[in-house]
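So the chains spell out like this:
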Amino acid sequence: MRVIITKDYDQMSVWAANYVAKRILDFNPTEEHPFVLGCPTGSSPLGLYRHLVKLNQKGVLSFKNVVTFNMDEYVGLPVEHPESYHSFMWTNFFSHIDIKKENVHILDGNAKDLMAECKHYEEMIAAAGGVDLFMGGVGPDGHIAFNEPGSSLASRTRIKTLTTNTIQANCRFFDNDETKVPKQALTVGVGTVMDAREVLILCNGPKKARALHHMIENGVNHMWTSSMLQMHPHAVVVCDEEASVELKMSTYDYFKDKQRIEGSIEEYVNLYK
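Because the structure is predicted, anything quoted here is derived from the model rather than measured.

A.B. asks: When you look at the sheet that holds strand β7 (residues 158-161) in this model, what are you seeing that I'm missing?
C.D. replies: Read across the open sheet, the 3 strands follow the order β4-β8-β7; overall the sheet is antiparallel. The sheet terminates laterally at β4 (72-74) and β7, the two strands that pair on one side only. Each neighbouring strand pair of the sheet contributes to a mean axis angle of 30 degrees, computed without reference to strand direction. Two strands pair when backbone bridges link them, and β7 and strand β8 (residues 184-187) are joined in this way by 4 bridges, in the antiparallel orientation. By the bridge assignment for β8, Lys160 is matched with Ala185. Running at roughly 125 degrees to β7, helix α4 (residues 114-127) makes contact with β7 and β8 of the sheet.

This is how it looks when you write it as structure tokens:
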């Protein structure tokens, strides 16, 4: 696991956006051989999306030959609802770039047969050749996508009942009213994420500090599902200083020392200035 510690949220977002851009550019996607990108929602990736949009609008990066698969979607929330993940993605990312609408895939939380929808989603990912890079965030309790504590580390796309912690964390998007937050979601599984050829996780702010500690310092544990990334051959965690406060000093010094030797921050922060 590679861990990049940045000074603040903006530097984390710039580093991550340039990293994703370089991966796509190096891949040199074509219509016949597109780059497959996994996309998250939530507050953590907003800066990442803003900087990717800037790179696209500057002509540095094109999404014409990029296929996307989102991590999750609420069950029973209308697609046009401002807090649906369909709305989130088109409002904050897709409508600002040159991606083809047919290349965007988001789970249908209103499907008549939700289990069939989940099975079909896995089939579409496989038909696309698998995910080249799955971007993601992490919850305060260490969950990735909607794989709540206790989820199987071999899980696939499925229906999940959300925990009280997740509902409370998300109620800020629903007028701070927990009764308005959907109680279920469709989500890719931990196994689905682990199948990606590369995973990039964003972790920012003091509320995520405990999750970062468990994700990179403690052992693999289904109660902290993001800890499974310790087993991924190409996992990158990008965090800010505030999220690193619960790391052991030796762990913090180790990753900061690697950054100094490798020039990790300048490597991507300055790439497209």
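So, next bit.
A.B. asks: Just to check I follow, could you spell out α4 for this structure?
C.D. replies: Along an α-helix, residues three or four positions apart point the same way, because every turn accommodates 3.6 residues. The end-to-end C-alpha separation of α4 is 20 Å, in line with the 20 Å expected for 14 residues at 1.5 Å each. The inward-facing, buried residues of α4 contact β3 (66-70), β5 (104-105), β7, β8 and α6 (190-194). N-capping of α4 is provided by Asp113, with a side-chain oxygen placed 3.3 Å from the backbone N of Met115. Positive phi shows up at Gly129, right after α4, with a value of about 95 degrees.

A.B. asks: Hey, could you run me through unusual backbone geometry in this one?
C.D. replies: Trans is the prevailing form of peptide bonds, just as negative phi is the prevailing case for residues other than glycine. The backbone phi angle of Ala145 is positive, close to 55 degrees, even though this residue is not glycine. One non-glycine residue, Asn176, lies in positive phi territory at about 55 degrees. We classify Asn176 as exposed; its relative accessible area is 58%.

A.B. asks: Would you explain the pattern of salt bridges in this entry?
C.D. replies: Between side chains of opposite charge, pairing is possible as soon as their charged atoms come close. In this structure the tally under the stated criterion is 11 salt bridges. In this structure, the salt-bridge partner of Glu122 is Arg156, at a minimum N-O distance of 3.0 Å. Remark: Arg156 occurs in the loop between β6 (133-136) and β7 and Glu122 occurs in helix α4; sequence separation between them is 34 residues. Arg156 gets classed as partly exposed once you look at its relative accessible area, which sits at 33%. One salt bridge connects Asp175 with Lys180, and the closest N-O pair in it is separated by 2.9 Å. Residue Asp175 is classed as exposed on the basis of its relative accessible area of 61%. Three or more residues are tied together by salt bridges with common partners; here these are Glu122, Arg156 and Asp195.

A.B. asks: Mind showing me how you'd approach the nonpolar core here?
C.D. replies: In a soluble, globular protein the nonpolar side chains are often hidden away together inside. Counting residues in hydrophobic clusters, the biggest one holds 49 residues, and the most contacted among them are Trp15, Val20, Leu52, Phe63, Phe93 and Leu200. Elements that contribute at least two residues to this core include exactly α1 (9-27), β2 (35-39), α2 (46-57), α3 (85-92), β6, β9 (199-203), β10 (235-240) and α9 (264-269). The greatest single-element share of this core, amounting to 9 residues, is contributed by α1. For Val20, the contacting residues outside a window of four places in its chain are Leu37, Leu48, Leu52, Leu133, Met135 and Leu200. Counting residues in each nonpolar core, the second largest holds 41 residues, with Leu107, Ala145, Cys203 and Phe255 among its members.

A.B. asks: What is the right way to look at the pairing of β3 in this model?
C.D. replies: Consecutive side chains of a regular strand alternate in pointing toward one face of the sheet and then the other. Burial of β3 is extensive: 5 of the 5 residues sit out of reach of the surface. The alternating pattern of β3 places Val66, Thr68 and Asn70 on one face and Val67 and Phe69 on the opposite face, and all of these are buried. Where β2 and β3 come together, 5 bridges link them in parallel fashion. Bridge pairing in β3 links Cys39 to Asn70. Handedness of the crossover joining β2 and β3 through α2 is recorded here as right-handed.

Quick notes on the rules
- Residues numbered from 1 in each chain as written.
- Predicted model: local features only at pLDDT ≥ 70, side-chain atom pairs only at ≥ 80, totals over all residues.
- Heavy atoms only, no water.
- Pairing = 2+ DSSP bridges.
- Helix = DSSP H or I, 4+ residues; strand = E, 2+ residues; numbered from the N terminus.
- Axes fitted to C-alpha atoms, helices over the stretch in contact; angles between N-to-C directions.
- Contact = heavy atoms within 4.5 Å.
- Expected span 1.5 Å × (residues − 1).
- Polar contact = N/O pair within 3.5 Å; in protein donor to acceptor, adjacent residues only side chain to side chain.
- Buried < 20%, exposed > 50% of the residue type's maximum accessible area, 1.4 Å probe, protein only.
- Salt bridge = Lys/Arg side-chain N within 4 Å of Asp/Glu carboxyl O.
- Core = buried A, V, L, I, M, F, W, Y, C linked by side-chain atoms within 4.5 Å.
- Right-handed = clockwise from strand over helix to strand, strands pointing away.

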